[in-house]
Amino acid sequence: MCAVALLVCFVLAVPAGAQKTERAKALGKQMMCMCGCNQILTECNHVGCTVSAAMLKELDDRVARNESDSLTLQAFQQEYGLAVMAQPASHGFGLTAWILPVVVLLLGAWLVSVVLQRWRRRVVAPVPHVRADLLDRARRESGDDE
């Protein structure tokens with residue numbers, strides 16, 4: 001009797017679709033909710049968001065049909081455009097989204113370096129030579145005769 005109860009608990013605890021649910025969660029984290037909240041699809045926290053509910057249902061249906069991940073993502077891209085992807089593509093024009101921040105950071109560091117070097121090299125204008133007799137006279141008049 002105890003073995004049967006244990007078996008029933010095990011079957012209920014690990015549903016047959018557990019792997020598909022994890023796969024759907026993993027795919028959902030690669031997409032954005034298209035309701036305009038700019039959140040990951042599985043993390044959209046709008047109460048009653050019909051867009052995320054519909055997208056998640058479609059995602060679950062595709063995972064249940066055992067479609068490949070790439071086919072599922074392509075289907076969402078065809079329906080919602082490239083904006084549905086949480087990360088830009090790592091090829092073609094999307095590659096610029098990965099490279100451009102690094103290039104801008106390096107250019108900024110170079111620019112700061114150049115400016116600092118120029119500030120360090122700035123030549124201080126020499127003080128014009130003052131005749132000794134005028135300097136003595138100025139000291140006498142100001143009271144700095146020490």
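Preceding this paragraph is the structure being described.
Residues numbered from 1 in each chain as written. Predicted model: local features only at pLDDT ≥ 70, side-chain atom pairs only at ≥ 80, totals over all residues. Heavy atoms only, no water.

Draft legend 1. The arrangement of the pattern of salt bridges in detail. In the structure shown here, the tally under the stated rule is eight salt bridges. Residue R62 pairs with E67 through a salt bridge whose shortest N-O separation is 2.9 Å. You can call E67 buried: its relative accessible area is 15%. Residues joined by salt bridges that share partners form a network here, namely E58, R62, R65 and E67. (Salt bridge = Lys/Arg side-chain N within 4 Å of Asp/Glu carboxyl O. Buried < 20%, exposed > 50% of the residue type's maximum accessible area, 1.4 Å probe, protein only.)

Draft legend 2. Structural view of the state of the cysteines. Enumeration over the complete set of coordinates arrives at zero disulfides. Its sulfur unpaired, C37 is 3.5 Å from the next cysteine sulfur, which belongs to C35. (Disulfide = S-S within 2.5 Å.)

Draft legend 3. Layout of the environment of A75. Its location among the elements puts A75 in helix α4 (residues 69-80). What makes A75 buried here is its relative accessible area of 16%. Along the sequence, A75 and R62 sit 13 residues apart, while their C-alpha atoms lie 9.6 Å from each other. (Helix = DSSP H or I, 4+ residues; strand = E, 2+ residues; numbered from the N terminus.)

Draft legend 4. The arrangement of the side chain of S52 in detail. With respect to the element layout, S52 can be found in helix α3 (residues 50-64). According to the relative accessible area criterion, S52 is buried, its value standing at 8%. A polar atom in the side chain of S52 sits 3.4 Å from the backbone oxygen of C49. Residues contacting S52, with those up to four places away along its chain left out, are C33, L41 and C44. (Polar contact = N/O pair within 3.5 Å; in protein donor to acceptor, adjacent residues only side chain to side chain. Contact = heavy atoms within 4.5 Å.)

Draft legend 5. Main features of the packing of α3 against α4. Between α3 and α4, the least distance of the axes is 11 Å, while the angle of their chain directions is 145 degrees. As for how α3 packs across α4, the hand of that crossing is right-handed. Side by side, α3 and α4 meet where M55, E58, L59 and R62 of the first sit next to T72, A75, F76, E79 and Y80 of the second. For the contact of α3 with α4, a count of residues per class yields five nonpolar, one polar and three charged. (Axes fitted to C-alpha atoms, helices over the stretch in contact; angles between N-to-C directions. Left-handed = near helix turned anticlockwise from the far one by under 90°. Nonpolar A, V, L, I, M, F, W, Y, C, P; charged D, E, K, R; others polar.)

Draft legend 6. Focus on the nonpolar core. Of all hydrophobic cores here, the largest spans 15 residues; its most connected members are M31, C33, L41, L59, F76 and V84. Those elements that place two or more of their residues in this core are α2 (18-28), α3 and α4. Of all the elements, α3 adds the most residues to this core, at three residues. With residues up to four places along the chain from it excluded, the contact list for L59 reads A24, L27, G28, M31, L41, T72 and F76. (Core = buried A, V, L, I, M, F, W, Y, C linked by side-chain atoms within 4.5 Å.)

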